[in-house]
Amino acid sequence: MSTVGDGRLDMAADSERWRVLSLLCLAVVLSLTTWFSATAILPELKQELALGASAEAWLTNGVQVGFVVGALAASLVNLPDLVRLSRLMAGAALVAALANATLLLHPGPGGVIAARIVTGAALAGVYPPALKLVATWFTRDRGLALGAVIGALTVGSALPHLFRAVSTALDWRPVVAAASVVTAAGALLFLLFAKEGPYPFGKAVFEPSRIGQVFREKPLLLANLGYLGHMWELYAMWAWLLAYTRAAFEAQAIGTAATASLSTFLVVASGILGCLLGGYLSDRVGRTATTAGMMLVSGGCALLMGFLFTGPLWLFMLVAIVWGVSVIGDSAQFSAAVTELSDRRFVGTALSVQLGAGFALTVLAIWLTPRFADFIGGWRWAFLLLVPGPLLGAAAMLWLRNLPESVKMAGGLR
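Note that the structure is predicted; figures quoted are calculated from it, not measured.

Is there a simple way to explain the overall build of the chain in this structure?
Scanning the chain from terminus to terminus reveals 18 helices and 0 strands. Looking at the chain residue by residue over its 414 residues, the buried ones come to 58%. In the chain, of all internal contacts separated by at least 6 residues, the share reaching a separation of at least 24 is 83%. Within the structure as shown, the chain displays about 15200 Å² of accessible surface, and the carbon and sulfur contribution to it stands at 71%.

And the structure:
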């Protein structure tokens, strides 16, 4: 009888962890819509606010800068380890919704950029804690579970492009309003349903020296180098894909602004397939093999985009979607690797430091990409700038694969 009872308890616990994961992913989808809400309406904001090239880039980079500041500040005080995660994520998502909504007040170029910085800082209180919370529910299938969270982030990041595609007959304000409303709904979901699982990480004390440890230990250093290579490519691709697609469609004499927005949504949102595939593969063939393989594919797609700039359209979209799948498919596995390689007492801090360093690099990549496009005379070959990142990242992960510490990952699957 006890065996039957234990089996029922195990089934109930298994069902509960997937239920929590589903609700958490929904909350992340809703909350992350504020990330690219300004990028999706960039042409309209550029015209209405008379933005120059530098201010235009900072509409996207403001979120990245804010996220870096928020993530590093959180790591300095071990905030993800010390504050109840449901309250932290709910409060942060609400702040992001309010900051995003200030765009409706037409605050001018400086005010818009400031609002984007606050939005990014607030989202640093959503994304890293969500990863930590999911890890408390999953020791088995952790790669798949974290992949689902990153997939939710991907869909949330893509949604503003869908809002723009279906509202082109209207001005840009409905896009901002919709993103703010659904982010506030995400905050409510976090507050009501986000709770830690049966495998909690130890509470941390304030110890700044732990930040350096993330980079001093060779396995963690290589995992972070892999992540940096991945991040060099990811957010610059997401940030400038709409501009690139518009230019390509103009070169091919097809489509409209709505078509370009819808295409961008499809490419970015397709990343959820990569996140789930990456999670499935990492738990079965290993973290390093999965991340290296994904980066080699995504780097190849970045290289091919220029050759397909003028068509044919079907092949351009096929490679773009493969890129959308592969460019994010490995993302969760770097976070999973950190949770497995680092001291369990400081997992929240290690994740915040990793994400902060990665997003700091995205600021440079986002800033450089349009300038590189101007330098070479147009968007066609602009994504060549991104190719070295995934190649170097793949090399770092294959190096990590040969270290004995790599057996700590994915149940010994390296």
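Any chance you could explain the pattern of salt bridges here in plain terms?
Should the charged atoms of two oppositely charged side chains come close, the side chains can pair. By the definition in use, this model includes 3 salt bridges. Salt-bridge contacts for K195 lead to E16; the nearest nitrogen and oxygen are separated by 3.0 Å. Taken together, the positions of K195 in the loop between α9 (173-193) and α10 (209-216) and E16 in helix α1 (residues 2-31) put the pair 179 residues apart, joining distant regions of the chain. The class for E16 is partly exposed, based on a relative accessible area of 21%. Residue E44 pairs with R164 through a salt bridge whose shortest N-O separation is 2.8 Å. With E44 in helix α2 (residues 42-49) and R164 in helix α8 (residues 142-165), this pair connects stretches of sequence that are 120 residues apart. For E44, a relative accessible area of 24% translates into the label partly exposed. Through salt bridges with shared partners, a single network forms among E16, R19 and K195.

Can you walk me through the nonpolar core in this structure?
Side chains of nonpolar character tend, in soluble globular proteins, to be buried together. In terms of nonpolar packing, the biggest core is built from 125 residues, with W35, F67, F190, Y235, W238, W323 and F359 touching the most fellow members. Built from parts of two domains, this core gets at least three residues from each of domain 1 (14-197) and domain 2 (206-413). For Y235, the residues in contact, after removing those within four places along its chain, are W35, F36, Q64, L153, F359, T362 and I366.

What exactly am I supposed to notice about the packing of aromatic side chains here?
Given two aromatic rings, one states the distance between the centres and the angle between the planes to describe the pair. Applying the stated criterion to the full structure yields 19 aromatic pairs. Between Y235 and W238, the ring centres sit 5.2 Å apart and the planes meet at 70°, which makes this aromatic pair edge-to-face. Here Y235 pairs with W238, and both are found in helix α11 (residues 218-251), just 3 residues apart, close to one helical turn. For the pair Y235 and W238, one class covers both residues: buried. Among the aromatic residues, those joined into a ring-pair cluster are W35, F36, F67, Y127, Y235, W238 and F359.

Explain the packing of helix α13 (residues 271-282) against helix α15 (residues 313-329) here, please?
A pair of packed helices is captured by two measures, namely the crossing angle of their axes and the spacing between those axes. Contact geometry of α13 with α15 gives a least axis separation of 7 Å together with a crossing angle of 45°. Comparing their axes, α15 and α13 come out oblique. As for how α13 packs across α15, the hand of that crossing is right-handed. Counted together, G271, L273, G274, C275 and G278 of α13 and G324, V325, I328 and G329 of α15 form the full contact between these two elements. A per-class count over the contact of α13 with α15 returns 4 nonpolar, 5 polar and no charged.

Help me understand the environment of L384, please; the structure alone is not making it clear to me.
For L384, the position within the fold is in the loop between α17 (347-376) and α18 (388-401). Between the alpha carbons of L384 and G300 there is a distance of 9.9 Å; along the sequence they are 84 residues apart.

Looking at this model, I keep getting lost on a nonpolar patch on the surface. Mind explaining?
A surface patch of nonpolar side chains, about 680 Å² in accessible area, is lined by L303, L304, F307, F375, I376, W381 and L384. The set of elements that each furnish at least two residues to the nonpolar patch consists of α14 (287-305) and α17. Counting through the fold element by element, L304 comes out in helix α14. Residue L304 is classed as partly exposed on the basis of its relative accessible area, which comes to 40%.

Which parts of the structure should I look at to understand the environment of A115?
By the secondary structure assignment, A115 is in helix α6 (residues 108-123). When its relative accessible area of 7% is taken as the criterion, A115 is described as buried. In sequence terms A115 and T102 are 13 residues apart; their C-alpha atoms lie 6.9 Å from each other. Ignoring sequence-local partners within four residues, the contact set of A115 consists of A99, T102 and L103.

Cut-offs used in this document
Residues numbered from 1 in each chain as written. Predicted model: local features only at pLDDT ≥ 70, side-chain atom pairs only at ≥ 80, totals over all residues. Heavy atoms only, no water. Helix = DSSP H or I, 4+ residues; strand = E, 2+ residues; numbered from the N terminus. Buried < 20%, exposed > 50% of the residue type's maximum accessible area, 1.4 Å probe, protein only. Contact = heavy atoms within 4.5 Å. Areas by Shrake-Rupley, 256 points an atom, 1.4 Å probe, with all protein chains shown as cover. Salt bridge = Lys/Arg side-chain N within 4 Å of Asp/Glu carboxyl O. Core = buried A, V, L, I, M, F, W, Y, C linked by side-chain atoms within 4.5 Å. Domains from an automatic or database assignment. Phe/Tyr/Trp six-rings, centres within 6.5 Å; stacked < 30°, edge-to-face > 60°. Axes fitted to C-alpha atoms, helices over the stretch in contact; angles between N-to-C directions. Parallel < 35°, antiparallel > 145°, perpendicular 65-115°, else oblique. Left-handed = near helix turned anticlockwise from the far one by under 90°. Nonpolar A, V, L, I, M, F, W, Y, C, P; charged D, E, K, R; others polar. Patch = residues over 30% accessible without salt bridge, like charges linked within 9 Å, V, L, I, M, F, W, Y side chains within 5 Å.

Treat this as a map of the structure, not an account of what it does.
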